[in-house]
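Structural overview for review
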Protein chains: 4
Amino acid sequence: MAMTGVLKPGFAQVRVLDMEQALVHYRDRIGLNVVSTGDDGRVYLKAYDEFDRHSIILREADEAGLDVMAFKVQDDDVLKELEAKLVKEGMEVSHVPAGEQPGVGRRISFVAPTGHRFDLYADMELSDNGPETDNPDLWRTEPHGMKALRFDHCLLYGGDIDGAQRVFENALGFKTTEVIRQDDGLQIAVFLSCGMKAHDLAIVRNEEDGKLHHVSFNIEDWNSIRDAADIITKYDISLDIGPTRHGITRGQTIYFFDPSGNRNEVFAGGYSYYPGDPLRVWQMQEVGKGIFYYERQLNDRFMGVVT
Amino acid sequence: MAMTGVLKPGFAQVRVLDMEQALVHYRDRIGLNVVSTGDDGRVYLKAYDEFDRHSIILREADEAGLDVMAFKVQDDDVLKELEAKLVKEGMEVSHVPAGEQPGVGRRISFVAPTGHRFDLYADMELSDNGPETDNPDLWRTEPHGMKALRFDHCLLYGGDIDGAQRVFENALGFKTTEVIRQDDGLQIAVFLSCGMKAHDLAIVRNEEDGKLHHVSFNIEDWNSIRDAADIITKYDISLDIGPTRHGITRGQTIYFFDPSGNRNEVFAGGYSYYPGDPLRVWQMQEVGKGIFYYERQLNDRFMGVVT
Amino acid sequence: MAMTGVLKPGFAQVRVLDMEQALVHYRDRIGLNVVSTGDDGRVYLKAYDEFDRHSIILREADEAGLDVMAFKVQDDDVLKELEAKLVKEGMEVSHVPAGEQPGVGRRISFVAPTGHRFDLYADMELSDNGPETDNPDLWRTEPHGMKALRFDHCLLYGGDIDGAQRVFENALGFKTTEVIRQDDGLQIAVFLSCGMKAHDLAIVRNEEDGKLHHVSFNIEDWNSIRDAADIITKYDISLDIGPTRHGITRGQTIYFFDPSGNRNEVFAGGYSYYPGDPLRVWQMQEVGKGIFYYERQLNDRFMGVVT
Amino acid sequence: MAMTGVLKPGFAQVRVLDMEQALVHYRDRIGLNVVSTGDDGRVYLKAYDEFDRHSIILREADEAGLDVMAFKVQDDDVLKELEAKLVKEGMEVSHVPAGEQPGVGRRISFVAPTGHRFDLYADMELSDNGPETDNPDLWRTEPHGMKALRFDHCLLYGGDIDGAQRVFENALGFKTTEVIRQDDGLQIAVFLSCGMKAHDLAIVRNEEDGKLHHVSFNIEDWNSIRDAADIITKYDISLDIGPTRHGITRGQTIYFFDPSGNRNEVFAGGYSYYPGDPLRVWQMQEVGKGIFYYERQLNDRFMGVVT
């Protein structure tokens, strides 16, 4: 492939109202491993199948939501190029010094036209309990909970989604894989990929800027969705919707809420995207099927509740 | 991502001894759709979930095997760049004019140090019954047979695998995801990716050059492997091994032979590869587990039979 | 086991408003095979994995619903014993001569206290394309549509469910596996098994007698539920709810409507019941979870719509 | 159903060479729960989804193998009837007093013509951590290891399998579901059911009497077979064969050995058997497919290694 050097979603820093409850949720239910706790109380976690040190940071705060979503890029040269491109697209780029998070190199940071902060970085330490590399087994210890494989993507809500799309396409080399579009051409949602996944980031048009719709984790397959649902009920986790499938991305999915009200998704499957694949377009009258392929209609909670 | 512009495995041209039998196998059992038959008798097929016009070409011949494996690249500019890089790596590049295959643009062609012919091309017509793009359903008509989603990769046998690896890395921007390595450092097998898949091409050291070990198709999940096995037995298709899992790539897999003796694989799952992920290394004493994770030993047929 | 000789649910005769549409639904979507059409227009169908001649009879009528559900018993002696027991329980038993349905022996018939007609019979011809018995393959031809394995059970709505339960337990030797019970002890639903399945018949308390909630078909597993859902959306079949799981029986399930408005279920899994297993009891405050284990709440349509 | 009152396989007492290793295997890998340890050192275990107190008893001994397989019957009256029938079939019946195993009532015991000891009993205490019965969840705590649902059946090797079949059919009311039969009519293997499972007991003709081929546990589905295989490799458990499918019973399966050399199976699926279903017959030339549906050939280890 020949894109501009953004490798993947790297981490998301999520605000939670009660750290102890949040840990039960993300560690014991979703199945992440706790890596470390910072002096400032932030807790760093990772999925068992990720090489990098951490991918989810929980920060206790008075309000739920997303502080920042970060992408890993190929190397520091790419980071410099991307900074220039961001500036060219009109973004104000600030700098986060190495070490602001343990094991993470310098980051550049910008606020997208939808009001969301995104960071880019080239360096993160490898985890010492990531996947094995010498005659590797599937896992070091049996995965637990929902057996999340990786932090996968975020879906965000904000106003100027066309502006955000332009920045991600033009400056960062993302491709738009699918859109929801009104008959008058107005885009209601855009799905953006920096690699071969159907989406690494999705943004939905919304009056209020800077909102988080959900943080998503990849799990193995449709059976894992069922097993996640079994866990959700057993531990009385608030379900949003699922098990179901998306028309958009074709992902098999279930949505639920963390104890602070942040929406989570665990999903499996979906198509592989190749740059050059045609754009998939959903009209508003089919948006129900696009979002929930089986139900073929939206529910108010899914559309309205964000953090 | 920031590689050199090779998008994906595009097609494989496979030699079969009897076209009628081959069609029953690839069309009815593996589940491909026939696209067209050329004046020269070549039959063009595609998996139902592929956008491009065709991905498998069957050519009747006296000897089974692989004529050529081709990769699709981003555009014609990339094609020119890659030609220059191939020449720089010492490859002799020849040209195949547009139209040698219906709907396919000009190709450049080289013979890798392992004796295998590879083609690169930027343009292929889109299929008129590929995936839908307007409010798309999962499929146009119910998938049949093993429900192959796409032609995925080839595993090839030849002598100078280090040479081939060098060409694919240096000229074409592939990354090596896994290797099998003797204690003295000699590489026995290399697994190469041009994107986020654990492999798009694999090459195993072998005395004789230019050999095909298998052509592989991606299917949905572990249940699809079982369903494929049910079909293999029902229609008395020659089984090689499986259902099982690879240690290398973690793919869930089953191997079998087409009526001409060419080995096929259908597989599901496996990890997603990100450029920058550490190399996975298998030592010879663990190679059994690397190849067949459950059996933890090789069988002679799997190692010895190639076409 | 030592029950009174009822072997299994044998057939259900379902009223449909339009036979042609019904056939598309039951044959092409659910995946049944058409066996024959009677002089009176009734169409006989069977699932591919059933030994007996037919299991679903469609009858065109002005109103949807269930004419009769029938159970197969061990032999004619058992049929006589069961008639005596039914009479002893106060049931009026009538007789249907052999041949009223092609290939089916004499039946005895009674109307349960909930207003539903049930038939019992000992003899039905074997199908000539049921499962193989000599070195049997899994199937004769690849299953199609939702790949229904068998007609499995009905859920019925009526008034005197205690009376019906008594007849099925005392006369026919069924066991109650689960109940939904109000705090005052009033039973809202009873689940009855004549063998090792979690239910062969379920009855829910309802003001109006003789109503059908759903006819259910067994399919292979949770993946088959997803595949059924894919079919439901593709062919724009009216979905009720699912994919989900029942707390009661633990079955993995999806509900939808035939073109006449009769509700169907395809389901997989659930526990095996052994006579002697403790009764499972659901209180009304947990009934949502009992019915839909993931959603943990009922929907009006599921409760209210019957035929 | 109307059989003679045998409900199900109740327990198997297995001899192991080293209790500590055996516990790691049966508890941590297969996923049973330890119930208690007797004064005589026997360890009692159960699967999480079983109501009864225990189903597997491990006894440390100098030689691996099976002490006894036991069936649970409906009540003490049935036990008396079955004793009379066993005597009538020429069996010598002995008595095991209540309390020989904790929580188990009196047993009757006989040695089948194949040299295997079988016990029958009517009473076993319910476990206090079996499945819930009041608004039950799927499980009390997340299942672990291979997530065995229940002890399911044994396959035994011995000489007079016709004699054993006669006793199980005539005295205990079992039905023969499938046989492997030579062209001269000699039965090589018989599969016997006391309910609706494709088999609760299987016996294969063998020169030596009283041998155990395997003890089998039921697990959820084909994905669980893969997960079991992942565990088998991770913990370097000796694999026999699988994941594969049986032609006989259609079960999806994997075989492996406990540290003492006793063969275990975990399996999923397979057809439901109804009394009255036709006998399935396998000829010797198709026995490979009958045993291993995918490989279509036996391996020496599977046939020859017993304990």
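Thresholds, definitions, all that
- Residues numbered from 1 in each chain as written.
- Chains lettered and ligands numbered in written order.
- Predicted model: local features only at pLDDT ≥ 70, side-chain atom pairs only at ≥ 80, totals over all residues.
- Heavy atoms only, no water.
- Least-squares fit on C-alpha atoms with pLDDT ≥ 70 in both.
- Contact = heavy atoms within 4.5 Å.
- Domains from an automatic or database assignment.
- Buried area = accessible area lost by both parts, 1.4 Å probe.
- Salt bridge = Lys/Arg side-chain N within 4 Å of Asp/Glu carboxyl O.
- Polar contact = N/O pair within 3.5 Å; in protein donor to acceptor, adjacent residues only side chain to side chain.
- Helix = DSSP H or I, 4+ residues; strand = E, 2+ residues; numbered from the N terminus.
- Nonpolar A, V, L, I, M, F, W, Y, C, P; charged D, E, K, R; others polar.
- Expected span 1.5 Å × (residues − 1).
- Buried < 20%, exposed > 50% of the residue type's maximum accessible area, 1.4 Å probe, protein only.
- Pairing = 2+ DSSP bridges.
- Axes fitted to C-alpha atoms, helices over the stretch in contact; angles between N-to-C directions.
- UniProt positions renumbered as here; feature names shortened; annotations may be inferred.

Focus: the relation of the copies chain B and chain C
Note that the two copies of the chain are related through a rotation about an axis and a translation along the same axis. The two copies are related by a screw operation: chain B maps onto chain C through 180° of rotation and 0.0 Å of translation along the axis, at an RMSD of 0.0 Å. Classification of the inter-copy transformation places it as that of a two-fold axis. It is Asn223 of chain B whose C-alpha, among those of chain B, lies nearest the rotation axis, at 3.7 Å. The residues that chain B uses at the interface reappear at the interface of chain C in 100% of cases, marking a shared surface.

Some words on the domain arrangement of chain A
Residues and elements named next belong to chain A. Split into domains, chain A comes out as domain 1 (6-121) and domain 2 (152-304). Each partner contributes to the interface: domain 1 provides 34 residues, whereas domain 2 provides 39 residues. At the boundary of domain 1 with domain 2, total buried surface from both sides reaches about 2,800 Å², with 74% on carbon and sulfur atoms. Summed over the shared surface of domain 1 and domain 2, the result is zero salt bridges. Remark: the boundary between domain 1 and domain 2 carries ten residue pairs in polar contact (both at pLDDT 80 or more). Breaking the side of domain 1 that touches domain 2 down by element, the ones donating at least two residues are strand S1 (6-16), helix H1 (19-29), strand S5 (65-73), helix H2 (76-88) and strand S8 (117-121). Examining the composition of the side of domain 1 that touches domain 2, we find that eight residues originate from one element, S1, more than from any other.

So, the interface of chain B and chain C
At the junction of the two partners, chain B supplies 18 residues and chain C supplies 18 residues. Around 1,400 Å² of area is buried between chain B and chain C when both sides are counted, 39% of it from carbon and sulfur atoms. In terms of surface lost to chain C, no three residues of chain B exceed Trp139, Glu142 and Lys234 of chain B, which account for 38% of the buried area on that side. At the boundary of chain B with chain C, the tally comes to four salt bridges. Between Asp221 of chain C and Arg226 of chain B there is a salt bridge; the shortest N-O distance is 3.1 Å. It is helix H4 (residues 222-234) of chain B that provides the largest number of residues to the side of chain B that touches chain C, a total of six residues. In terms of residue class, the side of chain B that touches chain C is built from four nonpolar, three polar and eleven charged.

Brief notes about the interface of chain A and chain B
Quite often, the size of an interface is put as the accessible area lost when its parts meet. Counting residues at the interface gives 43 residues for chain A, matched by 43 residues for chain B. Roughly 4,100 Å² of surface becomes buried between chain A and chain B when both sides are summed, with 52% attributable to carbon and sulfur atoms. Our enumeration of links across chain A and chain B arrives at four salt bridges. Here Arg250 of chain B and Asp49 of chain A are joined by a salt bridge, their closest N and O atoms 2.6 Å apart. For the interface between chain A and chain B, the tally reads 18 residue pairs in polar contact (both at pLDDT 80 or more). Listed by contribution, the elements that provide at least two residues to the side of chain A that touches chain B are S1 and strand S17 (280-283) of chain A. Class assignment of the residues belonging to the side of chain A that touches chain B gives a composition of 20 nonpolar, nine polar and 14 charged.

Some words on H2 of chain A
All names here are of chain A. Under the 1.5 Å per step criterion, the end-to-end length of H2 is 18 Å for 13 residues, consistent within 8% with the ideal 18 Å. Taken together, the buried residues of H2 touch S1, S5, strand S6 (94-96), strand S7 (107-111), S8 and helix H3 (161-171). Once H2 finishes, Gly90 follows within two positions and takes phi at roughly 90°, a positive value.

So, the pairing of strand S14 (residues 239-245) of chain A
Counting buried residues along S14 of chain A, seven of its seven residues qualify, which places the element largely inside the surrounding structure. Counting the residues between successive antiparallel strands, the hairpin from S14 of chain A to strand S15 (residues 252-257) of chain A contains six residues, one of them, Thr249 of chain A, with a positive phi of roughly 75°.

Digging into the sheet that holds strand S4 (residues 56-60) of chain B
Sheet strands line up and pair through hydrogen bonds in the backbone, either parallel or antiparallel. All names here are of chain B. Across the sheet, eight strands lie side by side as S2-S3-S4-S1-S5-S8-S7-S6; this open sheet has mixed pairing. One side of each edge strand has no neighbouring strand; the edge strands of this open sheet are strand S2 (33-37) and strand S6 (94-96). This sheet shows a mean twist of 25° between the axes of neighbouring strands, independent of strand direction. In this structure, strand S5 (residues 65-73) lies alongside strand S8 (residues 117-121), joined through four bridges in parallel fashion. By the bridge assignment, Met69 is partnered in S8 with Phe118.

Details of the UniProt feature "domain: VOC" (unreviewed entry) in chain A
Residues given the UniProt feature "domain: VOC" (unreviewed entry) here are residues 8-123 and 150-269 of chain A. Along residues 150-269 of chain A, the helical share is 20% and the strand share 46%, with 13 Å between the first and last C-alpha atoms.

With respect to the environment of Tyr26 of chain D
Along the chain, the position of Tyr26 of chain D falls in helix H1 (residues 19-29). There is a polar contact of 2.7 Å between the side chain of Tyr26 of chain D and the side chain of Asp258 of chain D.

Remarks on the pattern of salt bridges
With the rule as written, the count across this model stands at 104 salt bridges over all chains. The partner of Arg42 of chain B in a salt bridge is Glu100 of chain B, with the nearest N and O atoms 3.0 Å apart. Of the two residues, Arg42 of chain B sits in the loop between S2 and strand S3 (43-46) while Glu100 of chain B sits in the loop between S6 and strand S7 (107-111), which places them 58 residues apart along the sequence. As a salt-bridge pair, Arg42 of chain D and Asp40 of chain D come within 2.8 Å of each other at their nearest N and O atoms. Beyond isolated ion pairs, a larger network of salt bridges with shared partners links Asp40, Arg42, Glu100, Arg107, Arg117 and Asp119 of chain A.

A closer look at the sheet that holds strand S11 (residues 187-193) of chain D
All names here are of chain D. With mixed pairing, nine strands are arranged side by side in an open sheet as S14-S15-S16-S13-S9-S12-S11-S10-S17. The sheet is open, and its two borders are formed by strand S14 (239-245) and strand S17 (280-283), each paired with just one other strand. Pairs of neighbouring strands in the sheet enclose a mean axial angle of 15°, with direction left out of account. Helix H3 (residues 161-171) contacts strand S9 (150-158), strand S10 (175-181), S11 and strand S12 (201-205) of the sheet and is inclined by roughly 20° relative to S11.

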